[in-house]
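Geometric and topological summary
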Amino acid sequence: MRGYAFLRGAMSLVEIASTVAVVSLAVLFVTWVGYPALAVLIARFIPRRTPRVATGAPPRVSVVIATLGPEAVVRTRIDDLRRGEWPNDLLEIVVTLDQATPAADRRALVELDDGRGVRVIDTARAPGKASALNAGVRAATGDVLVFTDTAQRFATDAIPRLVAALDADPSIRLVGGALYLPGDSPGARRSPVEWYWATERALRAAEALIHSPIGVSGSIYALRRDAWCDMPDGLILDDLWLPMRRVLAGERVGYTVDAHAWDVRRTEVARETGRKVRTLTGNFQLLLLLPEVLVPWRNPVWCQFVMHKLMRLVTPWCALCFLLGSALVVAVTWPRLTFLAAAGATALAVLLRQLAPVIAERVTGGVRWAIAGNVALAQATANALRRRWDVWT
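A short tour of the structure in this document, coming up. Note that residues are indexed from 1 along each chain, following the sequence as it is written. It should be noted that, the model being predicted, local features are given only for residues of pLDDT at least 70 and side-chain atom pairs only at 80 or more, the latter also being counted only at that level, while totals for whole chains, interfaces and linings use all residues. Water and hydrogen atoms were dropped before computing side-chain values, which therefore reflect all heavy atoms in the structure.

Another aspect to go through is the overall build of the protein. A run of H or I in DSSP becomes a helix once it reaches four residues, and a run of E becomes a strand once it reaches two; helices and strands are each numbered from the N terminus. Along the protein, the regular secondary structure elements total twelve helices and eight strands. The rule is simple: take the accessible area with a 1.4 Å probe, protein chains only, and divide by the maximum for that residue type; under 20% is buried, over 50% is exposed, in between is partly exposed. Residues counted as buried form 47% of the 393 residues belonging to the protein. Taking all contacts inside the protein whose residues are at least 6 apart in sequence as the whole, residues at least 24 apart take part in 80%. Accessible areas in this description were obtained via Shrake-Rupley with a 1.4 Å probe; residue shielding takes into account the shown protein chains only. In the form shown here, the protein has an accessible surface area of approximately 19700 Å², with 65% of it arising from carbon and sulfur atoms. Working rule for contacts: check all heavy atoms of both residues, and any pair within 4.5 Å makes them a contact.

Okay, structure coming up:
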């Protein structure tokens, strides 16, 4: 009888574990495959809006950059912007220095201020990116505000295309551009994070056709001056908070794949993990600063927000539940198979390393990126629970 009771208990445990594993796998599939595929499919059947023909003189554009330096990097970024197709007499570059900018770089950067084409704003008393951007916008004189970082380079027609996208539809007050990474260059091999950004560009383009993308890239976006509102101090994600404010105000956010920004840095696991921790922590912070995004009748893109942002926040826990549930089912149901599977996986890894090192390296790299992404999300969750928002660097 005891053996029978133990067997019944074990079977109940297996049923629970298998259910947990199946549900977790379903959530992962819907989040990372089902929703993006459905959004792209729906977007194909949405009639394209006829662009409005712009009239009148081109507007004055202010490019706002919040930076920590160094001076040489900022100077290179300014030169890149000036080489673009937008007329320099209608272009203003506002560089705002964060509190953490080293003193030597601060002095050198202040000297770049010529009072006309380049403005340098010292925000030594206001730490954080949001405060730096607020100060930059207050100093800017342009009718259109363009935001970017120092680590990217614009295509020469990036600013004209952003301005054209704003002019094309009066319901759009903010528009994002497309960020490309080094692996997106012709002939280059993409890393997992570069594949992620490729799918993210496609998803944002589809969401923009449906209504609005859930966030834009902080490296390239623009908005009309009268659509700006000061951001709260300590805000992490200006490129999520500003778009959602516009959507909650009953407006639309646009996205143009034709406006390109290229990141000059190679994608590395350590750097991308740190960036991911910051952005994911910012997602949690947004829920506290803009709780209206969680209310279906207040948020016109509620379904998109839930699928694009909230569901991704449970990814590591679903992955963990799937692995533990699957392992428990196999261990209880086929105990010998568990040992054979472990031994077979070890042997396969050794053979791949010896006979096909390139394939082995790609597999190892993919696993490394997957682990890093889930660790970043777990760390971001811990930051949110502790209300630790000072993660911008």
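Turning next to the environment of I65. Turning to its location among the elements, I65 is positioned in strand β1 (residues 61–67). For the pair I65 and R77, spaced twelve residues apart in the sequence, the C-alpha separation amounts to 9.5 Å. Excluding anything up to four places from it in sequence, I65 contacts R77, L81, I93, V94, V95, T96, T148, D149 and T150.

Further remarks concern the nonpolar core. The nonpolar side chains of soluble globular proteins are, as a tendency, buried together. F147, W228, M231, W241, L242 and M244 are the most contacted members of the largest nonpolar core, which totals 39 residues. Residue assignment for this core shows that the elements contributing at least two residues are β1, α4 (129–139), β4 (144–148), β7 (221–224), α7 (238–248) and α8 (269–289). Those residues within four positions of L242 in sequence are excluded, and the remaining contacts are L174, Y221, W228, C229 and M231. Side-chain atoms within 4.5 Å link the members of a nonpolar core, which is a set of buried Ala, Val, Leu, Ile, Met, Phe, Trp, Tyr and Cys residues. Listed in part, the 34 residues of the second largest apolar core include I65, I172, V175 and L181.

What follows concerns the environment of V74. Inspection of the secondary structure puts V74 in helix α2 (residues 71–82). On the accessibility criterion, V74 (2% relative accessible area) is buried. Through-space distance from the C-alpha of V74 to that of A151 is 8.9 Å; in sequence the pair is 77 residues apart.

Only centres within 6.5 Å qualify two rings of Phe, Tyr or Trp (six-membered ring in Trp) as a pair; their planes then separate them into stacked at under 30 degrees, edge-to-face at over 60, and tilted for everything else. One pass over the full model with this rule turns up five aromatic pairs. By way of ring pairs, the aromatic residues W32, Y196 and W197 are connected into one cluster. Distance and angle both matter: a charge sits over a ring if NZ of Lys or CZ of Arg is within 6 Å of the ring centre and within 35 degrees of the ring normal. Just above the ring of F154 sits the side chain of R77; from NZ or CZ to the centre is 4.6 Å.

Looking now at the pairing of strand β8 (residues 252–263). Two strands form a pair only when DSSP identifies at least two bridges running between them. One ladder, built from three bridges, connects strand β5 (residues 152–154) with β8; its direction is antiparallel. For R153, the partnering residue across the bridge sits in β8 and is W262. Judged from the seven bridges that link them, strand β6 (residues 172–180) and β8 form a sheet pairing that is parallel. What sits directly across from G176, in β8, is Y255.

To continue, consider a nonpolar patch on the surface. In this analysis, a patch consists of residues with relative accessible area above 30% that form no salt bridge, clustered at 9 Å for like charges and at 5 Å for the nonpolar side chains Val, Leu, Ile, Met, Phe, Trp and Tyr. Take a side-chain nitrogen of Lys or Arg and a carboxyl oxygen of Asp or Glu: if they are within 4 Å of each other, that pair is a salt bridge. Taken together, the side chains of F29, V30, W32 and V33 present a nonpolar region at the surface, about 360 Å² in accessible area. Tracing the backbone shows F29 in helix α1 (residues 2–44).

For the pair helix α6 (residues 192–210) and helix α9 (residues 302–313), the least separation of the axes is 11 Å and the interaxial angle reads 155 degrees. By the angle class used here, α6 and α9 are roughly antiparallel. Together, Y196, E200, L203, E207 and I210 of α6 and Q304, H308 and R312 of α9 make up the contact between the two elements. Any residue that is not Ala, Val, Leu, Ile, Met, Phe, Trp, Tyr, Cys, Pro, Asp, Glu, Lys or Arg is counted as polar, Gly included; the first ten are nonpolar and the last four charged. A class-by-class count of the residues in the contact of α6 with α9 yields three nonpolar, two polar and three charged. Every axis corresponds to a line fitted to the C-alpha atoms, with the helix fit spanning only the stretch in contact, and the corresponding angles, defined between N-to-C directions, vary from 0 to 180 degrees. Here roughly perpendicular refers to angles of 65 to 115 degrees, roughly parallel to angles under 35, roughly antiparallel to angles over 145, and oblique to all remaining angles.

On to the environment of T281. Along the chain, the position of T281 falls in helix α8. Sequence-wise, T281 and A380 are 99 residues apart; in three dimensions their C-alpha atoms are separated by 4.6 Å. Any pair of N or O atoms that falls within 3.5 Å is considered a polar contact. Within protein, one atom must be able to donate a hydrogen and the other to accept it, and sequence-neighbouring residues count only if both atoms are side-chain atoms. A distance of 2.6 Å separates a polar side-chain atom of T281 from the backbone oxygen of V277.

It is at 5 Å that the axes of α9 and helix α10 (residues 315–333) come closest, and there the two elements cross at 55 degrees. As summarised for this structure, α9 and α10 are arranged oblique, according to the angle between their axes. Touching M311, R312 and L313 of α9 are T315, P316 and W317, all from α10. Considering only residue class, the contact of α9 with α10 consists of four nonpolar, one polar and one charged.

Moving on to unusual backbone geometry. One non-glycine residue, R387, lies in positive phi territory at about 55 degrees. One can find R387 in the segment after α12 (357–385).

Spanning 19 residues, α6 covers 27 Å between terminal C-alpha atoms, matching the ideal 27 Å at 1.5 Å per step. Burial in α6 covers these residues: V193, E194, W197, A198, E200, R201, L203, R204, A206, E207 and A208. Helix span, expected: 1.5 Å multiplied by one less than the number of residues in the helix.

This paragraph deals with the pattern of salt bridges. Counted under the stated rule, the structure contains 14 salt bridges. Where E200 meets R204, a salt bridge forms, and the shortest distance between an N and an O atom there is 3.7 Å. One end of the pair, E200, and the other, R204, are both in helix α6, four residues apart, so they sit about a helical turn from each other. Given a relative accessible area of 2%, E200 falls into the buried group. In the salt-bridge network here, residues are joined through shared partners; they are R173, D226, R246 and E251.

This part is about the sheet that holds β8. The sheet built from eight strands is open, its strands ordered β3-β2-β1-β4-β7-β6-β8-β5 with mixed pairing. Both outer strands of the open sheet, β3 (118–122) and β5, are each paired with one neighbouring strand and no more. Averaged over all adjacent pairs, the angle separating strand axes in this sheet is 30 degrees, with direction ignored. Relative to β7, β6 is paired through three bridges, and the arrangement is antiparallel. In the strand pairing of β7, L174 is matched with L223. Contacts from α2 reach β1, β2 (91–97), β3, β4 and β5 within the one sheet, and its direction differs from that of β5 by about 15 degrees.

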